[in-house]
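# Structural features, examined
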Amino acid sequence: MEVVIRTDASVEIGSGHVMRCLTLANQLRRKGAGVSFICRLLRGNMIQQIQDNGFCVYTLPSPVEKHFNKDRSIPYSSWLEVDWKTDCNHTSALLEKYIKADWLVVDHYAIGEKWERFIRNYTDRIMVIDDLADRVHDCDLLVDQNLYKNYHHRYQDLVPGHTVKLLGPKYMLVRDEFINAKTRAISRNGIVRRLLVSFGGTDPTNETQKVLAAIRRLNRKDLMVDVVVGTSNPRKNEVKQMCESMSGCNFYCQINNMADLMQKADLAFGAGGTSTWERCYLGLPAITIQTASNQSGILSYMVEKGALVCLGSSKNVAEDDIVSTLSSFLQQPIRVKEMAKSAWNVVQGVEEGSVVRCMLEGAGMIDIHHFELRDLEKKDLPAVLKWRNSEAIREAMYTDHKITMEEHERWYNKVSSDQNTMVKLLYYKNQPIGLVNFSRIDHHHRKCYWGFYIGESSAPKGSGTVLGLLALEFIFEEQSMHKLCAEVLVSNKRSFQFHKKLGFMEEGRFINHTLKNGKYMDVIPMAHFKDVWPEAKKGIIQALGGGGHEQHSSSKT
């Protein structure tokens, strides 16, 4: 299974999206999936860190225009730093040239339905990781690990009906270091001797220095302080100097042992991003400052749950507020202990690896064994005619006029009596949803051509891939054909990518080969072979999440 992750980090975006995508990527890699990233060259990007983790990164060019068309339907569309169509074109060019994606994962507040719908031509399935529920998505799987009031209903009108939704802390993407640390969980007694200060990778509002100034004012020699910043923090050198000037203050930059520091800490200072759930996972109470408007809902609900306190929005929080609150906590160990217990309870029941399992299983959307090929019968003609005359299917055909029932019946009579043609229907749960046509069958040279389509719009996601699997099983394993040929219109990029994913190879190009809409169009000849089919079949089954798919008779006559 090949997974591509589209995400970014920048001074404005922060590092949280990339960090949780790295968690997902590492979990997928351990399960045998290939994982690569697509990131734009933004100021404060984390491309080097992704590469340091052993993943390939395909880079999108740095933005060249300060003014671009922002999508008004997406509050954070400016975070792309280009308009969505430009990002689509850049991303699709990479997918078309380098990567056959079974899953495209999107973790980006600036991307929504229009982008996702465009990219569908270049991937089988789309997974979105979101926190905001502030825009419409076109995805097959949606993950939101956040806890809000009525969180189960947040995406009710924002995703298609078929979308599988994994909502709440149960589906938290947990880094290995946190899983290991939880097994060594300690009982917190509420006495504060050690503080952790971490406001994410970039800390755009500079809360770190504000908190350090407040701690310094307390002049508590008995307090240890651990300060963590990211490499993309523009003030990291100033923070380091400040730490060095304070007794008992340790400075860390871009570390891999955050869980260890959280476990050692008695109280944390932080914002309301993804680290909220990491703190809760280890039962670490926190004093928080809201550094972005999208953190408001999470922080408010966590305050209500007793898992943290929030001093308010960064622009309204002064050093005096921090000094006062910290002084109060230092004198109230019972309060700190109760807050630690509440934080711990928030994320109990986390199912580590559940998101990856869902992806590998095809997000629960499809079961190969519910599909089969059957011979075309006369009773099927009305349904097939409806499919064949739909605009989406006619556009991909050599013959694209609307067919009459009389023409349709003549075609059926011809193929039924032709020894060199076989037509099968794909059934899903005993209902026909698509068609595959094997033509120009040459029994001497053991080769033929094929054409196919999924006709029913209600067919489950992945039905086309299942059709390809069963059709190729039938033609190579049951009919013992040596070569299967295809002809793809050069404009049909989705079909071209689909054939490549099944294992077809290009055999050249037919120039000005067919007339479509008054213009001559090139056609790409492609072919698949019996000797490479077994290996290709393994990849298709893995992409479907159907590792248990066994050799069976894929066709009924």
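Everything discussed here concerns the structure shown above.
Note that this is a predicted model, so its numbers are computed, not measured.

### Some details on the sheet that holds strand 2 (residues 34-40)
- Strand order in the open sheet made by the seven strands is 3-2-1-4-5-6-7, with parallel pairing throughout. Only two strands of the sheet have a single neighbouring strand rather than two, namely strand 3 (56-60) and strand 7 (164-167). With strand direction ignored, the average angle separating the axes of adjacent strands in the sheet is 20°.
- Here strand 1 (residues 2-7) pairs with strand 4 (residues 101-107) via five bridges, running parallel.

### A closer look at the packing of aromatic side chains
- Here the structure, examined in full by the defined rule, presents 13 aromatic pairs.
- Ring plane angle 45° and centroid distance 5.3 Å describe the contact between Phe452 and Phe498, whose orientation is recorded as tilted. Residue Phe452 is located in strand 17 (residues 447-454), and its partner Phe498 is located in helix 18 (residues 493-502); the two are separated by 46 residues in the primary sequence.
- One cation-aromatic arrangement involves Arg374 over Tyr427; the distance from NZ or CZ to the ring centre is 4.0 Å.

### Some words on the pairing of strand 2
- Along strand 2, six of the seven residues are buried, which leaves the element largely enclosed by surrounding structure.
- Sheet topology places strand 1 next to strand 2; five bridges connect them, and they run parallel. Bridged to Arg6 within strand 2 is Ile38.
- Between strand 1 and its parallel partner strand 2, the chain crosses via helix 1 (residues 16-30), and the hand of that crossover is right-handed.

### A closer look at the pairing of strand 5 (residues 123-129)
- With six of its seven residues buried, strand 5 lies for the most part within the structure.
- Examined bridge by bridge, strand 4 and strand 5 share five bridges and lie parallel to one another. The residue bridging Val106 from the neighbouring strand is Val128, located in strand 5.

### Structural notes on the nonpolar core
- The biggest cluster of nonpolar side chains holds 36 residues, and the ones touching the most others in it are Phe438, Trp450, Leu472, Ile475, Leu484 and Phe504.
- Top contributing element to this core by residue count: helix 17 (residues 463-478), with nine residues.
- For Ile475, the residues in contact, after removing those within four places along its chain, are Met422, Phe438, Cys448, Ser480, Met481 and Leu484.

### Quick word on unusual backbone geometry
- For Glu81, which is not glycine, the phi torsion reads 65° and is therefore positive.
- Of note, Glu81 is situated in the loop between strand 3 and helix 3 (84-98).
- With a phi close to 55°, Asn219 is a non-glycine residue in the positive phi region.
- Tracing the chain through its elements places Asn219 in the loop between helix 6 (207-218) and strand 9 (224-229).
- Residue class for Asn219 comes out exposed when judged on its relative accessible area of 51%.

About the thresholds
Residues numbered from 1 in each chain as written. Predicted model: local features only at pLDDT ≥ 70, side-chain atom pairs only at ≥ 80, totals over all residues. Heavy atoms only, no water. Pairing = 2+ DSSP bridges. Helix = DSSP H or I, 4+ residues; strand = E, 2+ residues; numbered from the N terminus. Axes fitted to C-alpha atoms, helices over the stretch in contact; angles between N-to-C directions. Phe/Tyr/Trp six-rings, centres within 6.5 Å; stacked < 30°, edge-to-face > 60°. Lys NZ or Arg CZ within 6 Å of the ring centre and 35° of its normal. Buried < 20%, exposed > 50% of the residue type's maximum accessible area, 1.4 Å probe, protein only. Right-handed = clockwise from strand over helix to strand, strands pointing away. Core = buried A, V, L, I, M, F, W, Y, C linked by side-chain atoms within 4.5 Å. Contact = heavy atoms within 4.5 Å.

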